[in-house]
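Descriptive structure summary
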Amino acid sequence: MNEIVPVVEMTDIAIGFPGVKALDGVDFRLFQGEVHALMGENGAGKSTLIKALTGVYTIDSGTITVLGEPKRFSTPGESQAAGISTVYQEVNLCPNLTVEENVLLGREPRRRGSIDWKGVRSRTRAVLAELQLDHIDPGSLLSTHSIAIQQLIAIARSVEINAKVLILDEPTSSLDADEVNQLFRVIRDLRDRGVAILFVSHFLEQVYEISDRMTVLRNGKLVGEYLTRDLSRMSLISKMIGKDMEALAELDQAPARTRASNGAGVTPFIEAQGLGRKGSVSDVDLSIYPGEVVGLAGLLGAGRTEIARLFFGADKADEGTIKLKGASQKIRSPRTAIDKRIGFCSEDRKEEGLIGDLTVRDNLVLAMQASKGWARRIPRRVQDQLVAEYIEALDIRPANPDALIRNLSGGNQQKVLLARWLVTHPELLILDEPTRGIDIGAKTQIQKLVNQLAADGMSILFISSELEEVLRVSDRIAVIKDRAMVAEINNDGVSVEDVMTVIAGGAQ
Amino acid sequence: MKSLLKHRLAWPVIALAALLLLNQVFRPDFMSLRMQDGHLYGSLIDIMRNGAPTILIALGMTLVIATRGIDLSVGAVVAIAGAASCAYIAASPEPGSPVTAATAVLIAVVAGLALGVWNGFLVSTIGVQPIIATLVLMTAGRGVAQLITGGQIVSVSNDSYKSIGAGYLFTLPISILITAAVFALAAVLTRRTALGTLIEAVGINPVASRLAGLRARNIIWIVYVFSAVCAAIAGLMISSNVTAADANNAGLYIEMDAILAVVIGGTSLAGGRYTLVGTVVGAFIIQTLTTTVYTLGIPPEVTLVFKALVVITVCLLQAPKARNLLSRFKAAPKPAAKEAAKEKVAI
């Protein structure tokens, strides 16, 4: 293959944002007639690389050549002109225009200065037929079609442009199985006609099904380029998360925890059966007993947060049931969940947790105040007591209740958000990445706290990308893969490697 | 001194003081108050009395803006409230009795309540953007007011009704007392309960507020109802002051003055932290400006431009960017750099 010139060759690419190196010395090659998967966890730099290639970001250093010609893209338009076409997860077409208008937008055939609508119709029909999509009416409004069809229409547009490179960024994340198959048929078809396809997806199985080659990124750096058939799922995962099998095996195992077991006759606090939501996750069967810590393991984007959001009512489930203490319940909103004594610390502290311009005090008592309603203000004396108590218990610094929370460090913000839920005395506490981005000291404190809370009888759902951490704190581990729960493991001497095998292997 | 200048109310208060001082220089008797027939008179009293409807409406507007909303319909509500009460008095068998006046007031307030519920419904339940939702009533409301008055200016003669806008109690104009009472009520309602904090939480981060279990819908509803009731009371004041309801001109453009008062007072249109005191100061600035224009003898053609200049100056003084520039300009470069470095460490 070495004598063939790659369609796209990116060499030593670096892009930095204030305080972060998003990409650092990354090489990437894309050949004609292949489906190339770009792999890596969230934050590994996949989107940044794509945006460099599509001209959304300007590269700080490195070179990009397309068909042997060096290029420097500073706008998406320049990249498109070079034959690179992108289909995003959220379709970027105009829903209020018709299918044919979208396919030919900006390139309508003209006759004597005005648009030749007959030509538009016939060219659209031709390209749809080429992709075996003739069941789509070119004159129908785009918005009347499902997301899957809209994506196919976006692909049809790139075919019509005669794109040499097609970038598909998470195209399958909101499609069901049939729609994925239809999409894959079109992708294979294009590949066989010589289009170079860059495919990004969180779904491991789909990547193995469709891709010929993959490039793995981690923390903005290149890990390597591999032929898909040569790379086992296991080694792919370890490359993505950056741990060798050998090194993992050598890691000391945290002592297996012995705590309230879920013996017969004990009712779980929460029991989900077949829980799911269209376009999100499906088939979640999970019970959590009082005093138990259940960890969710799985790659980033596998559907861990989505499960947490269903449990908390942040998203409404549209299939399956939830039982709380044995009684069937519908959790329609966070408010209902809180009334049922469930608390949820979101992984996105800034957007979904902090009320940045309010004080530590206001933030800490917010959930409690919300459930009391606005009319019954928690007396200042009680607020002061609670705040003082938790500032001390969680060692929140600065120990100033009147500091604005946005001025605290990440770890201390996280502690305040934890305290926000602890003061409501939840029976189930959902912690989504509670230790992400905080220093090691605060991290250990939070892990200890989780242990202690469970010992006091609280049910805890613990989500973390760090498998070691999940193993350290959990009694039981639910493995999430490709938006579904695939296994449940009791944490008695399980190793990180065992869990990774399950993630790689699929259902057991 | 420096920390005082950093206070969020510092620049509005300074601007107000400067305006008052300017007037004092050009008219030495400006600040003087005198008693006459047991009533207090003076330019300051006039400013407060004339500014009362704007202050009232701006108070309601402050809470609406704090939730990231805006209420454009207040002017229309002023017109409807005035029209409804005056039409009732004019049509009643005893147009001069205090009971009739009381009923008219009740009708206006209930009308305000209903209109607020409508706005709140559109914004919180249907999810219409606030600017569009209240634009509906802003447009339709004047029409409704005209329907009530039959397209005429309805004059009434009822001494009790007239006293709302033009009467005196304890030597002070009643309109000032009403405004003070509403201000006190709003302060107590928001700061003695948790309403104020929850309004700010919804305004600062709606997503996080929802996940913390806040029922934003109820809170948003409350602020629109409060805003409309304030506007209805302002409508009573305006129509009572001239003992007539003018569906076309009562409260015309008052929403603009109210929004300006809120912004000058230091509450951001982006929502979040708000200050009722700041809003009152802002409303005073606007009213004092009008007075200043007369005092200085500025020709009417220039009036609006002059107003705009003062407003933009106050707003600029509050903007973080302008403040930074200013402090760099004032302080010697070295200590300023040190201070900035210190601040970073603290964060």
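Per chain, residues are indexed from 1 in the order of the written sequence. Chain letters and ligand numbers both follow the written order, the letters beginning at A and the numbers at 1. In keeping with the model being predicted, local features are shown solely for residues with a pLDDT of at least 70 and side-chain atom pairs are shown and tallied solely at 80 or more, while totals for entire chains, interfaces and linings include all residues. Only heavy atoms go into the side-chain values, all of them from the structure, while hydrogens and water stay out.

Focus: the pattern of salt bridges
Residues and elements named next belong to chain A.
- When a carboxyl oxygen of Asp or Glu is within 4 Å of a side-chain nitrogen of Lys or Arg, the pair counts as a salt bridge. Counting across every chain of the model gives 27 salt bridges over all chains.
- The residue Lys 325 makes a salt bridge to Glu 427 at a minimum N-O spacing of 3.1 Å. Remark: Glu 427 occurs in the loop between helix 16 (410-422) and strand 19 (428-432) and Lys 325 occurs in the loop between strand 16 (319-324) and strand 17 (327-329); sequence separation between them is 102 residues.
- Type-normalised accessible area, obtained with a 1.4 Å probe on protein chains alone, sets the label of each residue: buried when under 20%, exposed when over 50%, and partly exposed for intermediate values. According to the relative accessible area criterion, Glu 427 is partly exposed, its value standing at 26%.
- Glu 488 is the salt-bridge partner of Arg 476, the closest N and O atoms lying 2.1 Å from each other. In this pair, Arg 476 is assigned in strand 21 (residues 476-481) and Glu 488 in strand 22 (residues 484-490), connecting sequence segments 12 residues apart.
- For Arg 476, a relative accessible area of 5% gives the class buried.
- Through salt bridges with shared partners, a single ionic network connects Arg 29, Glu 34, Arg 213 and Glu 225. Put simply, DSSP H or I for four residues or longer makes a helix, DSSP E for two residues or longer makes a strand, and each gets a number counted from the N terminus.

Looking at the packing of helix 3 (residues 43-66) of chain B against helix 11 (residues 216-242) of chain B
Residues and elements named next belong to chain B.
- What counts as an axis is a line fitted to C-alpha atoms, over the stretch in contact for a helix, and the angles between N-to-C directions run from 0 to 180 degrees. Put simply, helix 3 and helix 11 touch, their axes get as near as 8 Å, and they point 175 degrees apart. Accordingly, the angle class assigned to the pair helix 3 and helix 11 is roughly antiparallel. Across the interface between the two elements, Ala 52, Pro 53, Leu 56, Ile 57, Leu 59, Gly 60, Met 61, Leu 63 and Val 64 of helix 3 pack against Val 223, Tyr 224, Phe 226, Ser 227, Cys 230, Ala 231, Ile 233, Ala 234, Met 237 and Ile 238 of helix 11.
- When residue character is reported, Ala, Val, Leu, Ile, Met, Phe, Trp, Tyr, Cys and Pro are called nonpolar, Asp, Glu, Lys and Arg charged, and the others, Gly included, polar. Its residues assigned to classes, the contact of helix 3 with helix 11 shows 17 nonpolar, two polar and no charged. Working definition: roughly parallel below 35 degrees, roughly antiparallel above 145 degrees, roughly perpendicular at 65 to 115 degrees, and oblique for all remaining angles. In this analysis, two residues are considered to be in contact whenever any of their non-hydrogen atoms come within 4.5 Å of each other.

Quick look at the interface of chain B and chain A
- Facing 24 residues of chain B, the contacting portion of chain A comprises 29 residues.
- Buried area: the sum, over both parts, of the accessible surface (1.4 Å probe) that disappears when the two are put together. Carbon and sulfur atoms supply 65% of the area that chain B and chain A bury against each other, a total of about 2200 Å² over both sides.
- Looking only at chain B, the three residues that lose the most surface to chain A are Arg210(B), Leu211(B) and Ala212(B), adding up to 26% of its buried area.
- Counting every contact that joins chain B to chain A gives zero salt bridges.
- Two N or O atoms count as a polar contact when they lie within 3.5 Å, although within protein this holds only if one can serve as hydrogen donor and the other as acceptor, and sequence-adjacent residues are included solely when both atoms are side-chain atoms. Our count for the contact surface shared by chain B and chain A stands at seven residue pairs in polar contact (both at pLDDT 80 or more).
- For the side of chain B that touches chain A, the element with the most residues is helix 9 (residues 195-204) of chain B, which contributes six residues.
- In the side of chain B that touches chain A, the residues fall into 13 nonpolar, five polar and six charged.

Digging into the environment of Phe73(A)
Residues and elements named next belong to chain A.
- Along the chain, Phe 73 turns up in the loop between strand 5 (69-71) and helix 2 (76-81).
- With relative accessibility at 4%, the residue Phe 73 sits in the buried group.
- Through-space distance from the C-alpha of Phe 73 to that of Thr 58 is 6.7 Å; in sequence the pair is 15 residues apart.

Examining the sheet that holds strand 12 (residues 221-227) of chain A
Residue and element names in this part refer to chain A.
- Spatially, 6-9-10-3-11-12 is the arrangement adopted by the six strands of the open sheet, whose pairing is mixed. Edge strands, defined here as strands with exactly one partner in the open sheet, are strand 6 (84-87) and strand 12. Pairwise comparison of adjacent strand axes, ignoring direction, gives a mean angle of 20 degrees for this sheet.
- One ladder, built from five bridges, connects strand 9 (residues 165-169) with strand 10 (residues 196-200); its direction is parallel. When the sheet's bridge partners are listed, Ile 167 is paired in strand 10 with Leu 198.
- Packing against the sheet, helix 8 (residues 233-241) makes contact with strand 3 (35-39), strand 11 (213-218) and strand 12, and its axis sits at approximately 30 degrees to strand 11. Strands are labelled as partners when DSSP assigns at least two bridges between them.

What about the domain arrangement of chain A?
- These domain boundaries are the output of an automatic or database domain assignment. Split by domain assignment, chain A resolves into domain 1 (8-248) and domain 2 (269-341 + 430-435 + 459-508).
- Put simply, the middle of domain 1 of chain A and the middle of domain 2 of chain A, counted by C-alpha atoms, are 31 Å apart.

A closer look at the side chain of Glu352(A)
- Structurally, Glu352(A) can be placed in helix 12 (residues 349-352).
- Separated by 3.4 Å, the side chains of Glu352(A) and Arg309(A) make a polar contact.
- A polar contact of 2.6 Å, which involves the side chain of Glu352(A), links it to the side chain of Ser346(A).
- Excluding its chain neighbours within four sequence positions, the residues that come into contact with Glu352(A) are Arg309(A), Ser346(A), Asn205(B), Val207(B), Ala208(B) and Leu211(B).

Examining the state of the cysteines
- Two cysteine sulfur atoms form a disulfide, by the criterion used here, when they sit within 2.5 Å. This model, assessed by the stated rule, comprises zero disulfides over all chains.
- Of all cysteine sulfurs in the structure, the one in Cys86(B) sits closest to Cys230(B), which takes part in no disulfide; the separation is 20 Å.

Points about helix 4 (residues 74-91) of chain B
- Expected span of a helix: the number of residues minus one, times 1.5 Å. Here helix 4 of chain B contains 18 residues, and its C-alpha end-to-end distance of 26 Å stays within 8% of the 26 Å for a straight helix at 1.5 Å per residue.
- Helix 4 of chain B sits mainly inside the fold: 15 of its 18 residues count as buried.

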